[in-house]
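# Summary of structural features
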Amino acid sequence: MADAALKEKPAVEAEQNLTDGFNLIIDALKLNGVTAIYGVPGIPITDFGRMAQASDIRVLSFRHEQNAGYAAAIAGFLTKKPGICLTVSAPGFLNGLTALAHATTNCFPMILISGSSEREIVDLQQGDYEEMDQLAIAKPLCKAAYRILHAQDIGIGIARAIRAAVSGRPGGVYLDLPAKLFGQVMDAEEGKKSLVKVIDAAPAQIPAADAVKRALEVLKSAKRPLIILGKGAAYAQADDAIRSLVEKTGVPFLPMSMAKGILPDTHPQCAGAARSTVLKDSDVVMVIGARLNWLLSHGKGKAWGEPHSKKFIQIDIEPKEMDSNVEIVAPVVGDIGSCVSALLDAMGSGWPKGPSDWAGAVSKKREENVAKMAPRLMNNNVPMDYHGALGVLRTIVKERPDAILVNEGANTLDLARGIIDVYQPRKRLDVGTWGVMGIGQGYAIAAAIETGKPVLAIEGDSAFGFSGMEVETICRYHLPVCIVIFNNDGIYRGTDVNPLGTDPATTVFVKGSRYDKIIEAFGGVGVNATSPDELKRAVNAAMDSRKPTLINAVIDPAAGSESGRIGSLNPQSKLKKK
Ligand SMILES: Cc1ncc(C[n+]2csc(CCOP(=O)(O)OP(=O)(O)O)c2C)c(N)n1
Ligand SMILES: [Mg+2]
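### So, the sheet that holds strand S12 (residues 311–316)
Spatially, S10-S9-S11-S12-S13 is the arrangement adopted by the five strands of the open sheet, whose pairing is parallel. In this open sheet, the two strands that pair with only one neighbour each are strand S10 (253–255) and strand S13 (330–333). Each strand axis lies, on average, 15° off the axis of its neighbour in the sheet, ignoring direction. Bridge analysis of S12 against S13 gives four bridges, and the strand direction is parallel. Paired with isoleucine 313 across the two strands is alanine 330, which belongs to S13.

Structure, rendered in structure tokens:
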């Protein structure tokens, strides 16, 4: 369709004064600072991708749209600008949709741009090529969904999509571009004038002075205060202000997994290794850019030391977040940067450090837990267990704090999150709110593209499989990505047996698989590592060389536990299992 539209162009001299949908979309994206597009080509966006690449936008071609979508989502988190995913109609669009929903759930700004088929035919359901009412399907899964029908609306349409994605609480936006739009022509001068450069796309939202005062009064009254940092705090890029706030208060802080590194996990106030103690025993909790959802046991129950009551202060850009699970006695609504600065200003210079007996008790608990863990991390067992392998990777990350860590799996996720310290903001990227498998290679690719830093992706063998084919993409673009697969022959464990002895058990894979061979097919470096020493050597070599590398880390199939740390979420029946 796009090709046909191109052929319909008028005579050469008239053409010089004309522009078309292809060019206007590219110009609009470039005008708004878009530097990369993640997608999969095909009708009607193949030529668009070629032209975008020729105009010096980086166009990363993936093997599956879901992975391109995850790349765009995490690009949004890393840059505070919407990550762009580009897909073909119906099936490509649907493949990208999981990532769009993931971006929305995780509050990452992203725009899924999808080509679509002829409106007239789709709306009469006459069976067009890849027919689907994509706009209607996307709507419930994103912050906003728009369709552009006319070339003269491209500027405004893209401006709306950008603003919707990044303003307020960020999230996913869908932009529907019917095939015909790309070939539409208009006067070039008029077209240029129709483009919109979005000014102040995510305006600061300043908190009310009363709200700030109330929050500080509650914090001051605390005997056992706690600060929880969520990935919203990492997104805000207000790292210095957050660090000042934490240090000025002297309050122990607990980072959620993607907030690790805003302050280093080794900071004396970090309560990461005393999580259950601080949740249970704190009396006032200041939640910054985190939600009291399942990941924080909804702010209530045994984990929070009930029946003792707690007072919550919450800082969030979204007013509806307040009182969502428990009462918030001091809501502070605004963007994290503005809120934290306002708190710091209102604290002035004579702010008293939080109670020292409490801070002392928390750090004692932390030291105990760290000491308990230490010998397990130094074990040299063969086959490796999670602790032996992660102990080595922990040291490597300590020595290379600017590398970006991508992490997915069950045991591989939960144990790596606890064991590997993070030292800088936005260096740990993981499965997020849904605990979704499949982010691995998409995240790794976008992290390398957007930051230029080396990436260490630690993935369970099951998790890896969801986006494994993108190893070819990593090799094709020569990205500095080192994938370590924790290969325990399956999901959670590789030891399950089907009692009937017919098919393999549902959670196990081919035993002794050599994932390292996969990357060799594409010219990358594959290593089979059976001991912590081998693993260490291989990862260091990969990080030094920046060559695409896949290390098959052989883990004892019996080492993991069901569902990692969240086994209690599995439904149980009173009836005995057959
Ligand atoms: C998209 C998606 N599908 C399925 C799941 C269910 N699930 C949770 S963890 C997991 C895989 C765990 O195995 P692995 O990655 O090998 O980690 P391990 O525990 O073995 O270290 C699966 C399939 C999910 N979280 N997301
Ligand atoms: Mg596994």
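After that view of the structure, there is still more to cover.
### Quick notes on the nonpolar core
Nonpolar side chains in soluble globular proteins tend to be buried together. Residues Tyr38, Leu229, Ile242, Ile288 and Leu429 are the most contacted members of the largest nonpolar core, which totals 96 residues. Ignoring anything within four residues of it in the chain, the contact list for leucine 229 reads Ile242, Phe253, Leu254, Pro255, Met256, Ala259, Ile262, Leu263, Ile288 and Ala290. Core analysis: the second largest hydrophobic core is formed by 39 residues, Ile26, Ala144, Leu177 and Val198 among them.

### Observations regarding the coordination of the magnesium ion (ligand 2)
Note on metal sites: the ideal angle is 109.5 degrees for four tetrahedral donors, and 90 or 180 degrees for six octahedral donors. Protein-derived ligands of the magnesium ion (ligand 2) are Asp461 (OD), Asn488 (OD1) and Gly490 (O), with the metal-ligand distances lying across 2.0 to 2.1 Å. Within one chain, the residues serving as donors to the magnesium ion (ligand 2) are arranged as D-x26-N-x1-G. One exposure class covers both asparagine 488 and glycine 490, and it is buried.

### Some words on the sheet that holds strand S18 (residues 525–529)
The strand order S15-S14-S16-S17-S19-S18 describes an open sheet built from six strands, whose pairing is parallel. The open sheet has two edge strands with one neighbour each: strand S15 (428–430) and S18. Between one strand axis and the next, the sheet turns by 15° as a mean value, whatever way the strands run. Two strands pair when backbone bridges link them, and strand S16 (residues 455–460) and strand S17 (residues 481–487) are joined in this way by six bridges, in the parallel orientation. Looking at S17, one finds that valine 455 is bridged to valine 481. Contacts from helix H18 (residues 386–399) reach S16 and S17, with the element oriented near 165° to S17.

### With respect to the site of ligand 1
Neighbouring residues of ligand 1: 17 residues in total, closest Tyr386, Asn411, Thr412, Gly435 and Asp461. Interatomic distance of 2.6 Å between a side-chain N/O atom of aspartate 461 and an oxygen atom of ligand 1. Between ligand 1 and the protein, one listed contact pairs an oxygen atom with a backbone N or O atom of serine 462 at 3.0 Å. Protein contact buries 76% of the 590 Å² of open area that ligand 1 shows by itself. The set of elements that each furnish at least two residues to the shell around ligand 1 consists of helix H19 (411–419) and helix H21 (461–465). At three residues, H21 tops the list of elements feeding residues into the shell around ligand 1. For the shell around ligand 1, a count of residues per class yields eight nonpolar, eight polar and one charged.

### Examining the packing of aromatic side chains
Under the definition given, this model contains nine aromatic pairs. Note on phenylalanine 464 and tyrosine 515: the rings are 5.8 Å apart at their centroids and 80° apart in plane angle, and the pair reads as edge-to-face. Of this pair, phenylalanine 464 sits in helix H21 while tyrosine 515 sits in the loop between S17 and helix H23 (516–520), placing them 51 residues apart in sequence. Tyrosine 515 shares its class with phenylalanine 464; the two are buried.

### Describing the pattern of salt bridges
Evaluation of the coordinates by the stated rule reveals 26 salt bridges. Measuring nitrogen to oxygen at the nearest pair gives 3.1 Å for the salt bridge that ties arginine 147 to aspartate 176. Here the residue arginine 147 occupies a position in strand S6 (residues 144–147), and aspartate 176 occupies one in strand S7 (residues 172–178), the gap between them amounting to 29 residues. According to the relative accessible area criterion, arginine 147 is partly exposed, its value standing at 24%. Relative accessible area serves as the criterion here: at 0%, aspartate 176 is assigned to the buried category. In this structure, glutamate 247 and arginine 243 form a salt bridge, with 3.2 Å as the shortest nitrogen-oxygen distance. One end of the pair, glutamate 247, and the other, arginine 243, are both in helix H14 (residues 239–249), four residues apart, so they sit about a helical turn from each other. For glutamate 247, a relative accessible area of 29% gives the class partly exposed.

### A closer look at the environment of serine 467
Mapped onto the secondary structure, serine 467 falls in the loop between H21 and helix H22 (471–476). In this structure the C-alpha to C-alpha distance between serine 467 and methionine 437, which are 30 residues apart in sequence, comes to 8.8 Å. Once residues lying within four places of it in the same chain are set aside, the contact partners of serine 467 are Asn67, Gly438, Gly440 and Gln441.

The rules behind each value
In this numbering scheme, every chain counts its residues from 1 along its sequence in written order. The order in which chains are written sets their letters, starting at A; the order in which ligands are written sets their numbers, starting at 1. Residue-level local features of this predicted model are given only where pLDDT is at least 70; pairs of side-chain atoms are given and counted only at 80 or more, and the full residue set underlies all totals for whole chains, interfaces and linings. By convention in this description, side-chain values take in all heavy atoms of the structure and omit both hydrogens and water. Being paired, for any two strands, means DSSP has found at least two bridges between them. Helix numbering and strand numbering both begin at the N terminus, where a helix is a DSSP run of H or I of at least 4 residues and a strand a DSSP run of E of at least 2. Lines fitted to the C-alpha atoms define the axes, with helices restricted to the stretch that makes contact. Angles between their N-to-C directions range from 0 to 180 degrees. Only buried residues count toward a nonpolar core, which is a set of Ala, Val, Leu, Ile, Met, Phe, Trp, Tyr and Cys residues joined through side-chain atoms within 4.5 Å. Summary of the burial criterion: residues with accessible area below 20% of their type's maximum are buried, those above 50% are exposed, and those between are partly exposed, where the area comes from a 1.4 Å probe applied to protein chains only. A contact between two residues is defined here by any heavy atoms of the two lying within 4.5 Å. Keep in mind that water is not among the atoms, so a site may look incomplete; donors are the N, O and S atoms within 2.8 Å of the metal, or 3.2 Å for Na, K and Ca. Here a residue is considered near a molecule or strand provided that any single heavy atom belonging to it is located within 4 Å of it. Polar contacts here mean pairs of N or O atoms no more than 3.5 Å apart (in protein, one a potential hydrogen donor and the other a potential acceptor; neighbouring residues in sequence count only if both atoms are side-chain atoms). The Shrake-Rupley method, run with a 1.4 Å probe sphere, supplies the accessible areas, and residue values consider only the shown protein chains as cover. Gly is put with the polar residues, along with every residue not named as nonpolar or charged; the nonpolar set is Ala, Val, Leu, Ile, Met, Phe, Trp, Tyr, Cys and Pro, and the charged set is Asp, Glu, Lys and Arg. For Phe, Tyr and Trp, rings pair up if their centres lie within 6.5 Å, where Trp contributes its six-membered ring, and each pair is then called stacked (planes under 30 degrees apart), edge-to-face (over 60) or tilted (otherwise). Here a salt bridge means any side-chain nitrogen of Lys or Arg lying within 4 Å of a carboxyl oxygen belonging to Asp or Glu.

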